[in-house]
Amino acid sequence: MTTTMTRAAAAVTLHGVSRVFGRGPAAVRAVDDVTLEFPRGGWTAVMGPSGSGKSTLLHCAAGLERVDTGRVMLGDTDLTGAGDADLTALRRTRIGFVFQSFNLIGALTAEQNVALPLRLAGSRPSRSIVRSTLDAVGLADRARHKPRELSGGQQQRVAIARAMVTRPEVLFADEPTGALDSTAARTVLGLMRAMADAGQSIVMVTHDPGAAAHADAVVFLRDGRVVDRLAGAGAREVADRLAAWER
Amino acid sequence: MLGMSRAGLAERWTLFVGALLSVTLGVALVQSSLLLLITAATLDPPAGLSAAARLQFADGTSAAVAMLGVVLGGAVFLAGFIISSTFAFTVDQRRRDLALLRLVGGSRGQVRRLLLGEALLLGLAGAGLGVPAGLGVMAVQAWLMRRFEFVPEGFAGQWRMWILGVSVGTGVVLAVAGVLVAARRAARVRPLEALRESGPAARVMTAGRWIAGLLFFGGALALVIVAPHGGPAGGQAMAMNVAMPAAVAVVAFAPLLVPLLARLMPFGGGVPSSLARASLRDARRRSASVAAPLIVLVALVVGNTGAGASFTASGIDELARSTHADLVIEATGPVGPAIAKVPGVARASTELSLPAELTTGSGDERETETVTALVIDPTAYAAVHGTAVSLQGRAVAAGPGGEVPKRGEVRVRLPESDLGSLPVVASVPETMTGGASLLLPPGLVPAGQLDDAAARSFVSLAPGADPAAVRDGLSRIGKVSSLDEWLRADAADRSSTNDRIMLIVLGLGGLYALLGVVNAVVIGAATRRREFAEARVTGLTRGQVVRAALLEAYAVTGAALLLGGLAAAAAFIAVLSTTSAVTGAATLDLPWPLIGAVAAVGLTVTGLTSLITSWSATRRPPVTLLAVRE
């Protein structure tokens with residue numbers, strides 16, 4: 001892993017990235033020669049019909065999935081050839097994840113879940129850091145609750161707090177509102193908007209035009225390729241564009 | 001990490017109860033066997049015994065020690081096997097949790113440490129419960145040994161303070177060692193697996209499984225090949241040890257074999273059966289893990305009792321073929337001359353049995369053991385047993401029981417006299433039934449020392465003699481039976497001894513393995529609530545889901561019974577070749593009622609356990625299960 005002192009302009013950069021699943025005639029090019037920059041301090045939504053490769057693109061960008069060709073850069077760090085230990089360290093310090101299915105650890109309370117990344121990184125997190133992170137997502141009073149005692153929206157906010165407690169460079173979110181009702185979804189999106197406004201880089205995959213409309217920019221994917229972009233569009237405009245690509 | 005281990009244990013307690021129980025009973029079994037072994041090995045003869053009785057006591061004690069050695073070996077093997085397979089299974093069932101940990105920044109080392117931490121806690125807790133449980137197990141084992149007269153009345157295992165350290169060590173070492181391989185494997189889980197709904201398409205056969213499988217297969221094969229060349233004692237010991245490595249080899253290949261065989265079981269039609277068939281195809285590692293303890297149980301119980309019964313039958317058969325006499329008289333003291341005087345007796349071989357302390361070798365290789373010596377009339381002995389043996393003066397012969405070199409010098413000490421160094425000049429073939437290790441010529445032992453010796457005389461009638469009259473004449477000397485009666489009684493005695501030995505060696509171990517079977521079914525079902533709920537929202541009734549689970553359990557059990565039988569069959573090959581090599585007749589005598597019982601118990605236990613677990617896993621309405629997600 002190489003790190004240079006200069007800060008790159010883009011939070012994450014993909015250069016000619018391809019990812020193929022399967023072999024021979026059954027091979028699927030989930031991501032097909034994608035070159036893309038996710039800007040620092042901006043919120044980018046990735047949209048596309050199901051099977052367009054948007055989740056695989058996110059996994060590749062986050063170093064969870066290896067790429068077959070091309071390069072993935074997190075800031076100035078090349079993830080392409082990084083080993084397991086390097087990627088683990090990145091997940092602890094520079095990358096945060098939020099997923100559709102929350103993925104909290106059921107055995108741990110909300111505050112234990114939030115403290116987990118810090119503890120895994122070997123530090124003994126102060127209660128105040130954990131509490132203030134939970135407070136930032138509006139759940140300071142739920143610190144001692146276990147995931148099953150929380151609503152879906154609350155669980156997702158705990159997941160966001162867990163992702164943010166390490167102050168990551170980039171927050172990757174895969175359908176963060178996919179399992180939420182509209183009220184809970186609005187709360188979560190509002191939270192993410194506030195984070196982006198405060199300078200947090202966010203890459204989000206979604207199929208919901210309403211969610212995508214909260215982002216600064218929308219990238220459209222089809223058959224593993226980037227086919228379109230929109231900036232500062234409303235939900236209607238995003239939906240129309242998506243519908244056009246789904247035809 | 002220890003804190004996380006604690007939280008993990010508290011949350012997934014259903015998954016861990018089985019693991020804890022396996023450590024507890026494993027520690028209890030090992031502790032009890034070890035304490036009994038030490039007690040038997042240090043047992044002093046009661047005061048006031050005659051010298052002969054003291055030597056006999058020593059002989060009985062060394063037999064009990066040998067038996068307890070086998071029990072201890074079996075306990076350690078079973079504990080190691082059941083604990084490691086249970087732990088590996090619980091780890092396997094938590095791949096998604098572990099992937100999640102990796103996703104939020106957990107390193108491979110941390111995943112490993114988490115699992116080892118859990119194993120440490122479970123090992124300590126299991127030892128804490130296992131020490132008192134071991135006292136109960138010891139009471140049962142000692143009672144069995146007293147009841148079957150392998151140890152004197154009043155024998156009871158003695159507590160040793162150091163056993164605390166051994167038991168805690170056993171619990172921790174077995175638990176940690178048991179999880180070591182599984183932890184390494186789990187540490188390689190990819191973070192992305194946390195995001196997948198269903199379990200990963202994990203590799204079915206790992207390199208470790210191939211290596212372990214081939215290694216243990218090689219071990220079993222080597223024992224099968226060498227057994228017929230090991231003589232009666234060595235051959236029997238080797239054949240009795242085939243089932244263990246053969247079972248481990250079969251278990252290693254179980255992910256390939258179990259689903260294959262399970263799908264061959266007749267299922268009947270309908271949705272539940274096609275669902276069960278699909279589950280078998282899909283969850284190959286789970287099927288293998290559920291089958292593993294049952295394979296070992298069947299292999300050990302069927303393989304060893306089958307081998308034991310066959311060797312006993314072979315010995316009985318050999319004895320009948322090689323004994324040429326009409327009547328057998330059991331008496332005390334040198335009754336030979338008295339028998340010879342009875343009218344109608346053509347020939348009698350009177351064999352007086354004495355305990356003897358035998359020393360062979362010298363220097364570092366010097367060994368002393370208590371054996372049975374037989375004072376014989378060489379000519380008569382040869383005629384009755386069909387094997388020539390010529391002895392004169394101080395020369396002795398190696399008997400059918402083995403343990404004495406065929407040539408050379410041995411030192412022999414009898415209860416009341418030291419015979420000094422004696423040349424071994426002849427030997428008779430070792431037999432399956434064993435018997436005396438040393439044959440002594442008449443006149444070597446001072447006459448007075450034979451007065452209390454047990455005497456067995458084989459009598460041949462003169463042509464035309466009236467058997468009833470001869471019998472009548474002999475009955476004043478001792479207990480008379482016809483050769484057939486005596487052989488039948490001897491056979492019954494040998495079979496019953498064999499059964500008792502098998503019960504002591506396999507009884508508690510078998511129950512422990514059965515607990516492993518229950519464990520495996522419970523763990524296998526513990527993580528299937530969601531799968532069951534999905535089947536129900538698809539339109540299956542609760543009854544259909546339970547029936548599918550039951551059919552699956554039945555198919556896996558059937559496959560496990562067959563595979564356990566396969567491992568046992570390896571032992572039977574060794575039995576056939578060994579009995580053929582030793583007695584000239586290949587013998588296999590299978591305890592069919594026991595085999596039937598094992599199959600019935602296996603099917604009943606897995607069936608009931610899977611019925612209860614799948615019924616309770618489907619208790620809540622499916623929608624609540626599918627809606628609530630961690």
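Residues numbered from 1 in each chain as written. Chains lettered and ligands numbered in written order. Predicted model: local features only at pLDDT ≥ 70, side-chain atom pairs only at ≥ 80, totals over all residues. Heavy atoms only, no water.

Enquirer: Help me out: how do you make sense of the packing of aromatic side chains in this one?
Expert: Both the distance between ring centres and the angle between the ring planes are used here to describe each pair of aromatic rings. Counted under the stated rule, the structure contains five aromatic pairs over all chains. Arranged with centres 5.6 Å apart and planes meeting at 15°, the rings of Phe97(A) and Phe99(A) form a pair that is stacked. Both residues of the pair, Phe97(A) and Phe99(A), count as buried. With 6.2 Å between their ring centres and 20° between their planes, Phe77(B) and Phe81(B) make a pair best called stacked. Taken together, the residues span about one helical turn, with Phe77(B) and Phe81(B) both in helix H3 (residues 51–92) at a distance of four residues. Each member of the pair, Phe77(B) as well as Phe81(B), carries the same accessibility label: buried. An aromatic cluster is built from Phe97(A), Phe99(A) and Phe172(A), whose rings are joined through pairwise contacts. Over the ring of Trp615(B) we find Arg542(B), and its NZ or CZ is 3.6 Å from the ring centre. (Phe/Tyr/Trp six-rings, centres within 6.5 Å; stacked < 30°, edge-to-face > 60°. Buried < 20%, exposed > 50% of the residue type's maximum accessible area, 1.4 Å probe, protein only. Helix = DSSP H or I, 4+ residues; strand = E, 2+ residues; numbered from the N terminus. Lys NZ or Arg CZ within 6 Å of the ring centre and 35° of its normal.)

Enquirer: Would you mind showing me how to read the sheet that holds strand E6 (residues 95–99) of chain A here?
Expert: In a beta sheet, neighbouring strands pair by backbone hydrogen bonds and run either parallel or antiparallel. All names here are of chain A. Within the open sheet, the six strands sit side by side as E6-E7-E8-E3-E9-E10. Their pairing is mixed. Bordering the open sheet on either side are E6 and strand E10 (225–231), each of which pairs with just one other strand. The sheet shows a mean angle of 20° between the axes of neighbouring strands, direction not considered. Here five bridges tie strand E7 (residues 170–174) to strand E8 (residues 201–205), and the two strands are oriented parallel to one another. Within the sheet, the bridge partner assigned to Ala 173 lies in E8 and is Met 204. Against the sheet, helix H8 (residues 235–246) makes contact with strand E3 (43–47), strand E9 (217–222) and E10, and its axis sits at roughly 160° relative to E10, the strand it touches most. (Pairing = 2+ DSSP bridges. Axes fitted to C-alpha atoms, helices over the stretch in contact; angles between N-to-C directions. Contact = heavy atoms within 4.5 Å.)

Enquirer: Explain the pattern of salt bridges to me, please; I cannot follow it from the model alone.
Expert: Residue and element names in this part refer to chain A. Counting across every chain of the model gives 30 salt bridges over all chains. A salt bridge links Asp 216 to Arg 193, with the shortest nitrogen-to-oxygen separation between them at 2.9 Å. Taken together, the residues span a long stretch of sequence, with Asp 216 in the loop between helix H7 (209–212) and E9 and Arg 193 in helix H6 (residues 182–197) at a distance of 23 residues. Judged by its relative accessible area of 30%, Asp 216 is partly exposed. Between Arg 222 and Asp 223 there is a salt bridge; the shortest N-O distance is 3.9 Å. Look at Arg 222 and you get partly exposed, because its relative accessible area is 30%. By relative accessible area, Asp 223 is classed as exposed at 54%. (Salt bridge = Lys/Arg side-chain N within 4 Å of Asp/Glu carboxyl O.)

Enquirer: Just to check I follow, could you spell out the pairing of strand E8 (residues 454–461) of chain B for this structure?
Expert: For a regular strand, side chains alternate in direction, first toward one face of the sheet and then toward the other. Residues and elements named next belong to chain B. Burial runs high along E8: six of the eight residues are buried. Direction of pairing for strand E1 (residues 327–332) relative to E8: antiparallel, over a ladder of six bridges. Across the sheet, the residue bridging to Thr 332 is Ala 454, located in E8. Strand direction decides the pairing type here: strand E2 (residues 345–360) and E8, joined by eight bridges, are antiparallel. The residue of E8 that forms the bridge with Val 345 is Leu 461.

Enquirer: Hey, could you run me through a nonpolar patch on the surface in this one?
Expert: All names here are of chain B. On the surface, a nonpolar cluster with roughly 590 Å² of combined accessible area is contributed by Trp 210, Ile 211, Leu 214, Leu 215, Phe 216 and Leu 256. The leading source of residues in the nonpolar patch is helix H7 (residues 207–226), at five residues. Among the structural elements, Phe 216 can be located in helix H7. (Patch = residues over 30% accessible without salt bridge, like charges linked within 9 Å, V, L, I, M, F, W, Y side chains within 5 Å. Areas by Shrake-Rupley, 256 points an atom, 1.4 Å probe, with all protein chains shown as cover.)

Enquirer: It is not clear to me how the interface of chain B and chain A should be interpreted in this structure. Could you clarify?
Expert: How big an interface is tends to be reported as the loss of accessible area on association of its parts. Facing 23 residues of chain B, the contacting portion of chain A comprises 25 residues. Taken together, both faces of the contact between chain B and chain A bury some 2,200 Å²; the carbon and sulfur share is 58%. The tally of links from chain B across to chain A stands at three salt bridges. A salt bridge links Arg102(B) to Asp84(A), with the shortest nitrogen-to-oxygen separation between them at 2.5 Å. At the junction of chain B and chain A, the tally comes to eight residue pairs in polar contact (both at pLDDT 80 or more). Of all elements in the fold, only helix H1 (2–11), helix H4 (95–103) and helix H5 (108–147) of chain B reach the threshold of two or more residues within the side of chain B that touches chain A. No other element matches the five residues that H4(B) contributes to the side of chain B that touches chain A. Its residues assigned to classes, the side of chain B that touches chain A shows 11 nonpolar, five polar and seven charged. (Buried area = accessible area lost by both parts, 1.4 Å probe. Polar contact = N/O pair within 3.5 Å; in protein donor to acceptor, adjacent residues only side chain to side chain. Nonpolar A, V, L, I, M, F, W, Y, C, P; charged D, E, K, R; others polar.)

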